[in-house]
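Structural characterization, general
Take a look at the letters that make up each chain.
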Amino acid sequence: VFGDGVFTSSYQNKSWMFNIERAGNAFQIHEAWSNNAQGYMSTPVVVDGHAYIHLQNQRFACIDLRNGTRTWTSKPFGKYSSMVAQNEHILALDQTGKLILLRANPREFELLDERKISDQETWGHVAISGEEIFVRELNALSVYRWKKANR
């Protein structure tokens, strides 16, 4: 949900923003814009009016939700990535057990860190609770701590 609209992306199709208005006892839905970004299995995250999405072509992209403009597209990163956001940081977990830390930056792709945290497949959606990161591995559930490094 963004403003009075809903952003959605579908597998092997494109992305849309639909505006929703109340008309008496009913609702009217109008397509505000569409974009050729094809999301792949995971839910985008929204930070400050921009959707950060993992695409079917294995790249990340940023879309300005006000007008549908794609502001950047990254190089390929994994077949699948589940994403969660905490303030200006985005964690993305791919299916190989690699955890990627991105900055939510609408001007450019900004990779802050990446590390392998599992040797098992990790197709489940990464989950966050406070400083804890929950990762569903193929045969286990692992918990990690997410906090700023002391420098």
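A short tour of the structure in this document, coming up. (Residues numbered from 1 in each chain as written. Predicted model: local features only at pLDDT ≥ 70, side-chain atom pairs only at ≥ 80, totals over all residues. Heavy atoms only, no water.)

1. Overview of the packing of aromatic side chains
Inspection of the entire model under this criterion finds 8 aromatic pairs. Relative to Trp 33, the ring of Phe 7 has its centre 6.0 Å away and its plane inclined at 40°; by these criteria the two rings are tilted. Pair noted here: Phe 7 is in strand 1 (residues 5-9) and Trp 33 is in strand 3 (residues 26-35), with a separation of 26 residues, a long-range link. By the burial criterion, Phe 7 is buried, and Trp 33 matches it. Considering the side-chain rings of Phe 77 and Phe 109, the 5.4 Å spacing of their centres and the 40° angle between planes classify their relative orientation as tilted. Taken together, the residues Phe 77 in the loop between strand 7 (70-76) and strand 8 (81-86) and Phe 109 in the loop between strand 10 (98-103) and strand 11 (111-116) connect sequence positions 32 residues apart. Its relative accessible area of 6% is what places Phe 77 among the buried residues. (Phe/Tyr/Trp six-rings, centres within 6.5 Å; stacked < 30°, edge-to-face > 60°. Helix = DSSP H or I, 4+ residues; strand = E, 2+ residues; numbered from the N terminus. Buried < 20%, exposed > 50% of the residue type's maximum accessible area, 1.4 Å probe, protein only.)

2. A few points about the sheet that holds strand 5 (residues 50-54)
If you trace the 4 strands from one edge of the open sheet to the other, you get 4-5-6-7, paired in antiparallel fashion. Each having just a single partner strand, strand 4 (45-47) and strand 7 make up the two edges of the open sheet. When strand polarity is set aside, the average angle formed by the axes of neighbouring strands in this sheet is 20°. Across 4 bridges, strand 6 (residues 59-64) lies against strand 7 in antiparallel orientation. Its bridge partner being in strand 7, Ile 63 is matched across the sheet by Arg 70. (Pairing = 2+ DSSP bridges. Axes fitted to C-alpha atoms, helices over the stretch in contact; angles between N-to-C directions.)

3. Comments concerning the side chain of Ser 42
If you trace the backbone, Ser 42 turns up in the loop between strand 3 and strand 4. At 2.7 Å, the side chain of Ser 42 and the backbone oxygen of Ser 81 are in polar contact. Beyond its immediate sequence surroundings of up to four residues, Ser 42 is in contact with His 54, Tyr 80, Ser 81 and Ser 82. (Polar contact = N/O pair within 3.5 Å; in protein donor to acceptor, adjacent residues only side chain to side chain. Contact = heavy atoms within 4.5 Å.)

4. Observations concerning the environment of Gly 39
On the secondary structure map, Gly 39 appears in the loop between strand 3 and strand 4. Using a relative accessible area of 5% as the deciding quantity, one classes Gly 39 as buried. Expressed as a C-alpha distance, the spacing of Gly 39 and Ala 61, which sit 22 residues apart in the sequence, is 9.4 Å. The residues contacting Gly 39, other than those within four sequence positions of it, are Ser 9, Ser 10, Tyr 11, Ile 53, His 54, Leu 55 and Gln 56.

5. Notes on the pattern of salt bridges
Close approach of charged atoms allows side chains of opposite charge to pair. Under the criterion given, the structure shown has 5 salt bridges. Residues joined in a network through salt bridges with shared partners are Glu 88, Arg 103 and Glu 110. (Salt bridge = Lys/Arg side-chain N within 4 Å of Asp/Glu carboxyl O.)

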